[in-house]
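Okay, here's what each chain looks like letter by letter:
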Amino acid sequence: MNPDLVVVGAGFFGLTIAERCAADLGLQVLVLERRAHLGGNAWSEADPDTGIEVHKYGAHLFHTSNAKVWEYVNRFTDFTGYQHRVYSQHGGEVYPLPINLGTINQFFRSAYSPAQARELIAEQSAELDGKEPENFVEKGVSLIGRPLYEAFIAHYTAKQWQTDPEKLSADIISRLPVRYTYDNRYFNDTYEGLPVDGYAAWLERMADHPNIEVRTGVDFRDHREEYVGTVPVVYTGPVDEYFDHDEGRLSWRTVDFEREVVDTPDFQGCPVMNYPDADAPYTRIIEFRHFHPERDYDSKQSVIFKEFSRFASDADEPYYPVNTPEDREMLLRYRDRARNEPNVLFGGRLGTYKYLDMHMAIGSALSMFENKLRPHFADGEALTSGGVDA
């Protein structure tokens, strides 16, 4: 193939760009993927012992309030009516998450009304004295007060991020809803569900176009000179890696999974159980059977993943940006470098060093297509990078 566009990385961002450019603009698109499969961390497959579909890189739950994104993804898959609910095992008891009226009343052994619960949390968060939260800890205390924060968030976060929570950005915990009703649905979004046929089938349909060639097991770094400067490139790998870590190494978090096949058809009664206490080495246990209750899995066993979080080394797949103040200073330097990189756009979670959910990555890719790639290929406008925020 003589490509019109090279996309580095076959996750949701990269595949959305490839599909739109191939289907809407008729471009020849070459997708280079370092892993042995497409789909990035969203890839799913059948467990070899139980036949249960597992998410190879941890639980992926699709949800969005963006109607444009929802319309787009429904071109490739139907969705189940699954609604995500999480529970947390703290001090020998199981509590519903996110923090809601049920959690509050169980934790404080009370029967507060919504108004009384609000008053209680306002009293417990008053230690900030109206100060605007500057970090993760202050934001957490402002949302739910210190007792609930210490019980359900503090140790969990320390295990999950392997970083002093005071160094973490406040916006990380802003994603967690707090409710003064008994609604324990985890997400607030308008649309939610899981792909009926699984993530692998969805991702493969996105790439199934005659103008798209996906090469797996290919490291872009080995072919960089072949493409950069000769053909437009959309790069979705780690931004610091693209520049050979010249400005320093951004800190990333990775996740290890301990797979176990258990001799029971139901291990924990729910898809996800958090373990926020300091004496539990893992952050949560995922039981994949519960993601698709509509499926008739013919097995007397179940498969679970115990999830352990740690800093990523050079040999690991980076999952999430840690985003300490030092990282943010480093990112500004990479952003300047990216703006001066000719005909290269940076996107996706790794390429922008942003915590993006699947729907956010897809929405960002659709925006890049409409605002940068279509004007370039259809109207001849110059292709200029907006840096790592492109």
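Note that the structure is a prediction, hence the values are computed from the model and not measured.

Colleague: Please explain the sheet that holds strand 7 (residues 93-97) as it appears in this structure.
Modeller: Backbone hydrogen bonds are what pair the strands of a sheet, in a parallel or an antiparallel way. If you trace the seven strands from one edge of the open sheet to the other, you get 7-6-12-13-14-11-15, paired in mixed fashion. Two strands close off the open sheet at either side, each with one partner strand: strand 7 and strand 15 (320-321). Two elements, strand 12 (residues 272-274) and strand 13 (residues 284-287), share three bridges in a ladder whose sense is antiparallel. Following the sheet pairing, Val 272 is matched in strand 13 by Ile 286. Sitting on the sheet, helix 3 (residues 101-108) touches strand 6 (86-90) and strand 7, and the angle it makes with strand 7 is about 150°. Across the sheet, helix 5 (residues 136-161) lies against strand 6, strand 7, strand 11 (252-262), strand 12, strand 13, strand 14 (302-311) and strand 15, angled at about 75° from strand 14, the strand it touches most.

Colleague: What should I look at first to understand the packing of helix 1 (residues 12-25) against helix 12 (residues 358-379) in this one?
Modeller: When two helices pack together, their arrangement is given by the angle between the helix axes and the distance between those axes. Following both chains from N to C, one finds helix 1 and helix 12 inclined at 40°, their axes separated by 8 Å at the closest point. Classified by the angle between their axes, helix 1 and helix 12 sit oblique to one another. Once helix 1 is placed against helix 12, the crossing between them reads as right-handed. Where helix 1 abuts helix 12, its residues Phe 12, Phe 13, Thr 16, Ile 17, Arg 20, Cys 21, Asp 24 and Leu 25 lie against Met 358, Ala 361, Ile 362, Ser 364, Ala 365, Leu 366, Met 368, Phe 369, Leu 373, Arg 374 and Phe 377. Each residue belonging to the contact of helix 1 with helix 12 can be placed in one class, and the counts come to 14 nonpolar, two polar and three charged.

Colleague: Would you mind showing me how to read unusual backbone geometry here?
Modeller: Excluding glycine, a negative phi dihedral is what most residues carry, and trans is how most peptide bonds are arranged. Look at the link from Leu 97 to Pro 98: it is a cis peptide, with omega at -5°. With respect to the secondary-structure elements, Pro 98 resides in the loop between strand 7 and helix 3. Positive phi is not limited to glycine here, since Tyr 353 has a value of about 55°. Summarising the element assignment, Tyr 353 is placed in the loop between helix 11 (348-352) and helix 12. Looking at Tyr 353, the relative accessible area reads 3%, which means it is buried.

Colleague: Where do I start with the packing of aromatic side chains in this structure?
Modeller: Think of a pair of aromatic rings as described by two things: how far the centres are apart, and how the planes are tilted against each other in angle. For the coordinates displayed, the defined rule picks out 33 aromatic pairs. Arranged with centres 5.9 Å apart and planes meeting at 25°, the rings of Phe 243 and Tyr 334 form a pair that is stacked. Of this pair, Phe 243 sits in the loop between helix 9 (239-242) and strand 11 while Tyr 334 sits in helix 10 (residues 325-339), and the two are 91 residues apart along the sequence. There is no split in this pair, since Phe 243 and Tyr 334 are both buried. Put simply, the rings of Phe 12, Phe 62, Trp 70, Phe 79, Tyr 191, Tyr 199 and Trp 202 touch in pairs and so form one group of aromatic residues. Over the face of the ring belonging to Trp 161 we find Arg 253, whose NZ or CZ atom lies 4.6 Å from the ring centre.

Colleague: Got a minute to help me understand the pairing of strand 11 in this structure?
Modeller: Consecutive side chains of a regular strand alternate in pointing toward one face of the sheet and then the other. Examined bridge by bridge, strand 11 and strand 15 share two bridges and lie antiparallel to one another. By the bridge assignment, Arg 253 is partnered in strand 15 with Tyr 320. Of the pairings in the sheet, the one linking strand 11 to strand 14 comprises ten bridges and is antiparallel in character. What sits directly across from Asp 256, in strand 14, is Phe 308.

Colleague: How should I be thinking about helix 12 in this particular structure?
Modeller: Working note: α-helix, 3.6 residues per turn, so residues spaced by three or four point in the same direction. An ideal rise of 1.5 Å per residue puts 32 Å on 22 residues; helix 12 measures up with 30 Å between its terminal C-alpha atoms. A maximum bend of about 40° is found in helix 12 at Leu 373, where proline Pro 375 lies one to four positions downstream. When we look at burial in helix 12, the residues that qualify are Met 358, His 359, Ala 361, Ile 362, Gly 363, Ala 365, Leu 366, Met 368, Phe 369, Leu 373, Pro 375 and His 376. A positive backbone phi angle near 80° is found at Gly 380, which sits one or two residues after helix 12.

Colleague: I would appreciate a short explanation of helix 5 in the present structure.
Modeller: Taking 1.5 Å as the rise per residue, helix 5 with 26 residues should run 38 Å; its terminal C-alpha atoms sit only 11 Å apart, a clear shortfall. At Gly 145, helix 5 shows its maximal kink, close to 115°; a proline, Pro 147, follows between one and four residues later. The N-cap of helix 5, judged by a side-chain oxygen 3.1 Å from the amide nitrogen of Val 137 a few residues on, is Asn 135. Positive phi shows up at Gln 162, right after helix 5, with a value of about 50°.

Colleague: I keep staring at the packing of helix 3 against helix 5 and nothing clicks. Help me out?
Modeller: Where helix 3 meets helix 5, the closest approach of the two axes is 12 Å, and the angle between their N-to-C directions is 100°. With respect to helix 5, the axis of helix 3 lies roughly perpendicular. Residues Thr 103, Ile 104, Phe 107 and Phe 108 of helix 3 lie in contact with helix 5, whose contacting residues are Pro 147, Leu 148, Ala 151 and Phe 152. Residue classes in the contact of helix 3 with helix 5 are distributed as seven nonpolar, one polar and no charged.

Colleague: Would you mind showing me how to read the pattern of salt bridges here?
Modeller: Two side chains bearing opposite charge may form a pair once their charged atoms approach each other closely. Inspection of every chain in the model, using the stated rule, returns 31 salt bridges. The residue Glu 19 makes a salt bridge to Arg 20 at a minimum N-O spacing of 2.8 Å. When sorted by exposure, Glu 19 lands in the same class as Arg 20, which is buried. A salt bridge links Arg 34 to Glu 241; the nearest nitrogen and oxygen atoms lie 3.0 Å apart. Placement of the pair is Arg 34 in the loop between strand 2 (29-33) and strand 3 (44-46) and Glu 241 in helix 9, with a sequence separation of 207 residues. Residue classification places Glu 241 among the buried residues on the basis of a relative accessible area of 14%. Salt bridges sharing partners connect three or more residues here, namely Glu 19, Arg 20, Asp 24, Glu 370 and Arg 374.

Colleague: Hey, could you run me through the side chain of Asp 240 in this one?
Modeller: By the element assignment, Asp 240 lies in helix 9. In this structure, Asp 240 is buried with no salt-bridge partner, the nearest side chain bearing the opposite charge being Arg 249 at 6.0 Å. Aside from chain neighbours lying at most four places away, what touches Asp 240 is His 245, Gly 248, Arg 249, Leu 250, Trp 252 and Tyr 334.

Definitions and cut-offs
Residues numbered from 1 in each chain as written. Predicted model: local features only at pLDDT ≥ 70, side-chain atom pairs only at ≥ 80, totals over all residues. Heavy atoms only, no water. Pairing = 2+ DSSP bridges. Helix = DSSP H or I, 4+ residues; strand = E, 2+ residues; numbered from the N terminus. Contact = heavy atoms within 4.5 Å. Axes fitted to C-alpha atoms, helices over the stretch in contact; angles between N-to-C directions. Parallel < 35°, antiparallel > 145°, perpendicular 65-115°, else oblique. Left-handed = near helix turned anticlockwise from the far one by under 90°. Nonpolar A, V, L, I, M, F, W, Y, C, P; charged D, E, K, R; others polar. Buried < 20%, exposed > 50% of the residue type's maximum accessible area, 1.4 Å probe, protein only. Phe/Tyr/Trp six-rings, centres within 6.5 Å; stacked < 30°, edge-to-face > 60°. Lys NZ or Arg CZ within 6 Å of the ring centre and 35° of its normal. Expected span 1.5 Å × (residues − 1). Bend = angle between axes of the 7 residues up to and from the residue. Polar contact = N/O pair within 3.5 Å; in protein donor to acceptor, adjacent residues only side chain to side chain. Salt bridge = Lys/Arg side-chain N within 4 Å of Asp/Glu carboxyl O. Lys, Arg positive; Asp, Glu negative; His and termini not counted.

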